[in-house]
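One letter stands for each residue in the lines below.
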Amino acid sequence: MNNIKVPYINLISQNSIIKKKLLESVGKVISHGGYILGPEVKSFEKEFSDYCGTKYAIGVDNGTSALILVLKALSIGHGDEVITVPNSFLASASCIALIGAKPVFVDIQDDYNINPNLIEKAITSKTKAIIPVHLTGHPAEMNAILNIAKKHNLHVIEDCAQAVGAAYYEKRVGGFGIAGCFSLHPLKNLNAIGDGGVIVTNDTQLYEKLLKARNHGLINRDECEFWSINSRLDTIQAAMLLVKMKYLDKWIKKRRGNAEFYKKRISKYVKVPKDKDYEFSVYHTFVVQAENREELMKYLLDKGIETKIHYPIPIHLQQASNNLGYKIGDFPQCDNQVKKILSLPVYPELTIEQIELVADSIKSFYEQKTF
Ligand SMILES: *Cc1c(COP(=O)(O)O)cnc(C)c1O
């Protein structure tokens, strides 16, 4: 299609606005030469941990590594089980399998996040941790999750990849569990010009271990304490992120404004997300549940509007999950939602004309159609 009026994402538009500042920052890095773990990495970590209200932040190469490094640092591995959700991006579960443990899925609730009432049934003597995902940028029910974790002596590792800036009872996500893992991929709300990730924690021991773990297990230039990989955040990406941190709250405000606009205009036609008064969502995605979704998607595309499905194949039904033995019907809420979910464009740079076109087109689809 080349007559797209509302692309689902538009990475260039955001970066064009701040291109001059980004290029200035790249220039500084090129000139100072600290390309690996240079001063910008430290500055970004400081700003990011302040933003999340945690003691520490550790810049890493991407969000998947962030999860893997935390699981490994907590000595979770072969023979262990870790609980997460089936309706997330693959990495929420692949990180568990990749360290040799077994992903155990728990069904979700209306807000697309883990249903705390179903967690205890999934806990066994092998369970070591819970990875709640703040999917769509909506905080998971952390009080209930933390209570269960405490009772069963489990770690809570927050998958915050979609939720930078989201808050629960006025506390930003990332600092509720032992660690919070963020992706800074170009599609995420705070994004690098390429891959990036960051871990936050209040735990000094874990922090010190992660600093080594992202850098070959090195204690200093020559001495290695344990085998590990190279998962460092690039200095250039940290420099980009420092520029963008200044705009983050403004961008989140715009996303929330766009979400409000949709809610006012289309809640008659599709099921829109709801926030409780103690939840602050950042709308990484704006996911509605729509009857006749496939037809709606096609109708919108004919009008020049791109939409997506996050995610069309739940993780437990992927080929990669075959050995875990799950099947359709194991997670009824997830099965039900996957047929209806549709993500509408919600990025900060949408124009009023664009967002009106999306809302009006959804209205006309449901008002003109007789099913
Ligand atoms: C994007 C994402 C990840 C992985 O982050 P990468 O930086 O792409 O490795 C993990 N979990 C969720 C929920 C994500 O959306």
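As the structure is a computational prediction, the values presented were derived from the model and not from experiment. (Residues numbered from 1 in each chain as written. Predicted model: local features only at pLDDT ≥ 70, side-chain atom pairs only at ≥ 80, totals over all residues. Heavy atoms only, no water.)

**Overview of the overall build of the chain**
In terms of helices and strands, the chain carries 13 helices and twelve strands. Here the C-alpha radius of gyration of the chain, 21 Å, is about what a compact globule of 371 residues would show, namely 21 Å. Principal-axis analysis of the C-alpha atoms places the extent of the chain at approximately 70 × 55 × 35 Å. Considering the chain as a whole, with its 371 residues, one finds that 56% of them fall into the buried category. (Helix = DSSP H or I, 4+ residues; strand = E, 2+ residues; numbered from the N terminus. Rg over C-alpha atoms; globule rule 2.2 N^0.38 Å. Buried < 20%, exposed > 50% of the residue type's maximum accessible area, 1.4 Å probe, protein only.)

**So, the sheet that holds strand β4 (residues 127–130)**
Strand pairing in a sheet relies on backbone hydrogen bonds, with the paired strands running either antiparallel or parallel. Taken in spatial order, the seven strands of this open sheet run β1-β9-β8-β5-β4-β2-β3, and their pairing is mixed. Here the strands that pair on one side only, and so sit at the sheet edges, are β1 (56–60) and β3 (102–105). On average, each strand axis in the sheet is inclined to that of its neighbour by 25°, with strand direction left out of account. Note: strand β2 (residues 81–84) against β3, four bridges, orientation parallel. By the bridge assignment, Thr84 is partnered in β3 with Phe105. Across the sheet, helix α5 (residues 91–98) lies against β2, β3 and β5 (155–159), angled at about 145° from β3, the strand it touches most. The sheet contacts of helix α7 (residues 142–152) involve β4 and β5, and relative to β5 the element is tilted by about 150°. (Pairing = 2+ DSSP bridges. Axes fitted to C-alpha atoms, helices over the stretch in contact; angles between N-to-C directions. Contact = heavy atoms within 4.5 Å.)

**Overview of the domain arrangement of the chain**
Domain boundaries in the chain define domain 1 (12–245) and domain 2 (247–368). Taken together, the contacts link 46 residues of domain 1 with 36 residues of domain 2. Taken together, both faces of the contact between domain 1 and domain 2 bury some 3,500 Å²; the carbon and sulfur share is 56%. Contact with domain 2 buries surface across domain 1, with Phe105, Tyr112 and Asn189 losing the most and accounting together for 19% of the total. Counting the contacts that link domain 1 with domain 2 gives three salt bridges. The interface formed by domain 1 and domain 2 holds 27 residue pairs in polar contact (both at pLDDT 80 or more) in total. Those elements that place two or more of their residues in the side of domain 1 that touches domain 2 are α1 (11–17), β3, β6 (167–168) and α9 (235–245). For the side of domain 1 that touches domain 2, the element with the most residues is β3, which contributes four residues. Its residues assigned to classes, the side of domain 1 that touches domain 2 shows 26 nonpolar, eleven polar and nine charged. (Domains from an automatic or database assignment. Buried area = accessible area lost by both parts, 1.4 Å probe. Salt bridge = Lys/Arg side-chain N within 4 Å of Asp/Glu carboxyl O. Polar contact = N/O pair within 3.5 Å; in protein donor to acceptor, adjacent residues only side chain to side chain. Nonpolar A, V, L, I, M, F, W, Y, C, P; charged D, E, K, R; others polar.)

**Focus: the site of the ligand**
Residues in contact with the ligand amount to 14 residues; listed here are only the nearest, Gly63, Thr64, Asp159, Ser183 and Lys188. The contact in question runs from an oxygen atom of the ligand to an N or O atom on the side chain of Asn62, over 3.5 Å. At 2.9 Å, a side-chain N or O of Gln162 approaches an oxygen atom of the ligand. Here the ligand, which alone exposes 380 Å², has 93% of that area covered by the protein. (Near = heavy atom within 4 Å. Areas by Shrake-Rupley, 256 points an atom, 1.4 Å probe, with all protein chains shown as cover.)

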